[in-house]
Every structure is written in C-alpha cells, then in structure tokens.
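Next come the chains, spelled out residue by residue.
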Amino acid sequence: MFDISCVIGLEPEKAVAKLNENAIQKIEIIKNSKHNDLCDTTLVCSAKWTGDVVTLVCGEFYLDIKE
C-alpha cells in the first residue's frame, strides 16, 4: 500500500506526479491560503485519503529557493 505521507512537503505538481506513478488518479487540491506576493513556493501541508480520492491541502511559503 502507498504511504500517502511521502507527498507532504512536495510542490503540488510533484505530489500529483508521484501519486499518478502509483496509480492514484483522483486527486483534489485545496489551497489553504490567500495569494501573497512575498511567498515563492507552494507546498503540500497535509494529505488525506478518503475512499478513492486523495485530498492535498497546500499552503504558500517564502523559502527563497526558487531561481
């Protein structure tokens, strides 16, 4: 069985790709923040599996790692 916690801390696109690689297609993304121009990174903060749907809760952060 796939460990859903391995997508926490990833960018949403990478998390979705990892889920798709493991045959998980039904994915809901919830952005749990208002857009802030100071933030440069969106990360998965929480992941929940309900039935056959994975819900990813994402937030924005300023990490200064983007080029």
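The structure this text deals with has already been given above.
Residues numbered from 1 in each chain as written. Predicted model: local features only at pLDDT ≥ 70, side-chain atom pairs only at ≥ 80, totals over all residues. Heavy atoms only, no water.

A. The arrangement of the pairing of strand E2 (residues 41-50) in detail. For E2 and strand E3 (residues 53-61), the ladder comprises 9 bridges, and the chain directions are antiparallel. Counted as the bridge partner of Val44 is Cys58 from E3. In textbook terms, the turn of a hairpin is the stretch between consecutive antiparallel strands, and for E2 and E3 this stretch comprises 2 residues, one of which, Gly51, has a positive phi near 65°. (Pairing = 2+ DSSP bridges. Helix = DSSP H or I, 4+ residues; strand = E, 2+ residues; numbered from the N terminus.)

B. Geometry of unusual backbone geometry. Positive phi, normally seen in glycine, also occurs at Ala23, with a value near 65°. Following the sequence through the fold, Ala23 ends up in the loop between helix H1 (12-21) and strand E1 (27-31). Taking the relative accessible area as the measure of exposure, Ala23 reaches 64% and is therefore exposed. (Buried < 20%, exposed > 50% of the residue type's maximum accessible area, 1.4 Å probe, protein only.)

C. Quick peek at the pattern of salt bridges. A complete count under the given rule lists 2 salt bridges for this structure. The salt bridge involving Asp52 is made with Lys26; its shortest N-O contact spans 2.8 Å. You can see Asp52 sitting in the loop between E2 and E3 and its partner Lys26 sitting in the loop between H1 and E1, a full 26 residues away along the chain. On the accessibility criterion, Asp52 (46% relative accessible area) is partly exposed. What makes Lys26 partly exposed here is its relative accessible area of 47%. (Salt bridge = Lys/Arg side-chain N within 4 Å of Asp/Glu carboxyl O.)

D. Representation of the sheet that holds E2. Taking strand neighbours across the sheet as the criterion, the 3 strands line up as E1-E3-E2 in an open arrangement whose pairing is mixed. Sheet topology places E1 and E2 at the edges, where each strand pairs with a single neighbour. Averaged over all neighbouring strand pairs, the angle between strand axes comes to 25°, with direction disregarded. Judged from the 5 bridges that link them, E1 and E3 form a sheet pairing that is parallel. The residue of E3 that forms the bridge with Lys31 is Cys58. (Axes fitted to C-alpha atoms, helices over the stretch in contact; angles between N-to-C directions.)

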